[in-house]
Amino acid sequence: MIVYGTSVSPYVRKVLVSLFEKGVSFDHKPVPFHADDPGFQAASPTGKIPALDDDGFLLPDSTAILNYIEAKHPEPALIPAEAKARGRAVWFDKYGDTELFPVLIIPFVERFLKPKLMNKEGDEARAQKTIDEKFPPLLDYLESQIEGEYLVGNAFSIADIAVATNFHNLRLAKYEIDAGRWPKLAAFVNRTLERPSFVKAIAAAKN
Ligand SMILES: N[C@@H](CCC(=O)N[C@@H](CS)C(=O)NCC(=O)O)C(=O)O
């Protein structure tokens, strides 16, 4: 099984975390998006990362890949079976991908991606304005949803993966959640990013 995509990407990180949680071995090709790699281009019709090649079975998109991995390697379950838990887990996966990512990625782009990886000047005013104006409703909502150790029920799931992955990029952007204002979220992010699966997925970016 080959996973394409640098784990600097929050979406690629979702796939790596899932595979590490399940103990599935794989090869990692940490290509950037729109890479000039024929194997990657065949697996990713949009040029986006991640994409998967499992013995010739090609699949793009982190959510599609997580569902595929879950069906093929059901243990430990990362997608709950119980109806309400399943619904919430799918919701948080989508929320992470489509609501958190577009906003939380902006400080990362302006403070890390442009200056450190693209040799371009970042727009600090854009980063700070996003943090001040766009972050609070998102973080307030997440704070309201955390009751126990995990976002859904009493087990680690794709919900935790899809939400927490976005916050690692914020650490690279030197943004830490204000634990006074969002205490449950700050603790949730810390303990989730400390899981061995996240630690290994994050380290994979330095390969
Ligand atoms: N829905 C896709 C989104 C993947 C995605 O947007 N990845 C970014 C990198 S973080 C990318 O490849 N961007 C290139 C582009 O948008 O053309 C998924 O869940 O995998």
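Residues numbered from 1 in each chain as written. Predicted model: local features only at pLDDT ≥ 70, side-chain atom pairs only at ≥ 80, totals over all residues. Heavy atoms only, no water.

Taking an unreviewed UniProt entry as the reference, the protein chain is identified by name as Glutathione S-transferase family protein belonging to Methylobacterium komagatae.

Q: For helix H5 (residues 124-133), give the residues involved together with the corresponding values.
A: All of the buried residues in H5 are Ala 127, Thr 130 and Ile 131. Taken down its axis, H5 places every buried residue within 95° of arc, on the same side. For H5, the exposed residues set more than 90 degrees away from the buried face come down to Ala 125 and Glu 133. Put simply, Asp 123 is the residue that caps the front of H5, since its side-chain oxygen is 3.3 Å from the backbone nitrogen of Ala 125. (Buried < 20%, exposed > 50% of the residue type's maximum accessible area, 1.4 Å probe, protein only. Helix = DSSP H or I, 4+ residues; strand = E, 2+ residues; numbered from the N terminus. Arc of directions from axis to C-beta. Polar contact = N/O pair within 3.5 Å; in protein donor to acceptor, adjacent residues only side chain to side chain.)

Q: Outline unusual backbone geometry, supporting the account with residue identities and numerical values.
A: As a rule of thumb, non-glycine residues mostly have phi less than zero, and peptide bonds are mostly trans rather than cis. In this model, Ile 49 is joined to Pro 50 through a cis peptide bond whose omega is 10°. Across the junction of Glu 75 and Pro 76, the peptide omega takes the value -15°, indicating a cis bond. By the secondary structure assignment, Pro 76 is in the loop between helix H3 (62-72) and helix H4 (83-117). Positive phi outside glycine occurs at Asn 119, with the angle close to 55°. By the element assignment, Asn 119 lies in the loop between H4 and H5.

Q: Explain the packing of helix H1 (residues 10-22) against H4 to me, and be specific about the residues and the numbers.
A: In helix packing, the relevant descriptors are the interaxial angle and the interaxial distance, both defined with respect to the helix axes. Packing of H1 against H4 leaves a shortest axis separation of 11 Å and a crossing angle of 140°. Classed by the angle they form, the pair H1 and H4 counts as oblique. Of the residues in H4, those in contact with Pro 10, Tyr 11 and Lys 14 of H1 are Asp 93, Asp 97, Phe 101 and Ile 105. (Axes fitted to C-alpha atoms, helices over the stretch in contact; angles between N-to-C directions. Parallel < 35°, antiparallel > 145°, perpendicular 65-115°, else oblique. Contact = heavy atoms within 4.5 Å.)

Q: Provide a residue-level description of the UniProt feature "domain: GST N-terminal" (unreviewed entry) in the protein chain, including the pertinent values.
A: Cross-referencing UniProt, the feature "domain: GST N-terminal" (unreviewed entry) maps to residues 1-77 in the present numbering. For the annotated span residues 1-77, helix accounts for 39% and strand for 18% of the residues, and the straight-line distance between the end C-alpha atoms is 20 Å. (UniProt positions renumbered as here; feature names shortened; annotations may be inferred.)

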